[in-house]
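Breakdown of the fold
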Amino acid sequence: MSLSILAGEDRMSLENGMDLRLLSALEVLQARREAGRLAREDRELALCSNACLLARALEKTEDQSPVFSDGRAVLAGLTVEEIAGLAARWSAFSREMDPGLGLSREELEHVKKNSVRTRESGFAGGC
């Protein structure tokens, strides 16, 4: 995923050779759909959802390749506590770095100014 126009940073180092990265809206939808196929009962859905999210968000720092191939691999490779802890870290990171609709008027104007395309450079303002 390319850096969101609203997000600060798009990756967080876990300092163990792995990173958590922000996901696009499409990736979140894909994770939800995969979780729906994995869960056999309603009470399994939260765990499966977190596992499928981590399958997309957890990457090796060195080459940014996925640590796990899919949600089933996460469920097989991590404990319930590890999945819950990593999902909580990802959620906090996502809220912190991607302000979404909570922008002030001034912040929104800054984002709009820096994301408008121009003929010369492709983007106006910004860096």
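This report concerns the structure included in the present document. Since this is a predicted model, take the numbers as computed values, not measurements.

**Focus on the pattern of salt bridges**
By the definition in use, this model includes six salt bridges. Between Arg 11 and Asp 19 there is a salt bridge whose closest N-O contact spans 3.3 Å. With respect to burial, Arg 11 and Asp 19 carry one shared label: buried. Residues Glu 34 and Arg 56 are paired through a salt bridge, measuring 2.7 Å at the closest nitrogen-oxygen approach. Here Glu 34, found in helix α1 (residues 25–38), pairs with Arg 56, found in helix α2 (residues 45–57); they are 22 residues apart in sequence, far enough to count as distant. Of the two residues examined, Glu 34 and Arg 56, each falls in the buried class. One network of salt bridges, in which partners are shared, links Arg 11, Asp 19, Arg 21, Glu 27 and Glu 59.

**Description of the packing of α1 against α2**
As a packed pair, α1 and α2 sit with axes 8 Å apart at the nearest point and diverge in direction by 135°. Here α1 is positioned oblique relative to α2, judged by the angle of their axes. Here α1 runs over α2; the crossing is right-handed. Together, Glu 27, Gln 30, Ala 31, Glu 34, Ala 35, Gly 36 and Leu 38 of α1 and Leu 45, Cys 48, Ser 49, Cys 52, Leu 53 and Arg 56 of α2 make up the contact between the two elements. Its residues placed into classes, the contact of α1 with α2 shows seven nonpolar, three polar and three charged.

**Things to note about α2**
Across its 13 residues, α2 extends 18 Å between first and last C-alpha, which sits within 8% of the 18 Å expected from 1.5 Å per residue. Of all the positions in α2, only Cys 48, Ala 51, Cys 52, Leu 53, Leu 54, Ala 55, Arg 56 and Ala 57 are classed as buried.

**A short note on the state of the cysteines**
Two cysteines joined by a covalent bond between their sulfur atoms form a disulfide. In this structure the tally under the stated criterion is zero disulfides. Of all cysteine sulfurs, the one in Cys 52 lies closest to Cys 48, which takes part in no disulfide; the gap is 6.3 Å.

**Remarks on unusual backbone geometry**
Even without being glycine, Glu 15 reaches a positive phi, approximately 60°. Mapped onto the fold, Glu 15 is located in the loop between β1 (11–13) and β2 (18–21). Residue Glu 15 is classed as exposed on the basis of its relative accessible area of 75%. Phi is positive for Gln 64, which is not a glycine, with a value near 55°. Since its relative accessible area comes to 45%, Gln 64 is described here as partly exposed.

Rules behind the numbers
Residues numbered from 1 in each chain as written. Predicted model: local features only at pLDDT ≥ 70, side-chain atom pairs only at ≥ 80, totals over all residues. Heavy atoms only, no water. Salt bridge = Lys/Arg side-chain N within 4 Å of Asp/Glu carboxyl O. Buried < 20%, exposed > 50% of the residue type's maximum accessible area, 1.4 Å probe, protein only. Helix = DSSP H or I, 4+ residues; strand = E, 2+ residues; numbered from the N terminus. Axes fitted to C-alpha atoms, helices over the stretch in contact; angles between N-to-C directions. Parallel < 35°, antiparallel > 145°, perpendicular 65-115°, else oblique. Left-handed = near helix turned anticlockwise from the far one by under 90°. Contact = heavy atoms within 4.5 Å. Nonpolar A, V, L, I, M, F, W, Y, C, P; charged D, E, K, R; others polar. Expected span 1.5 Å × (residues − 1). Disulfide = S-S within 2.5 Å.

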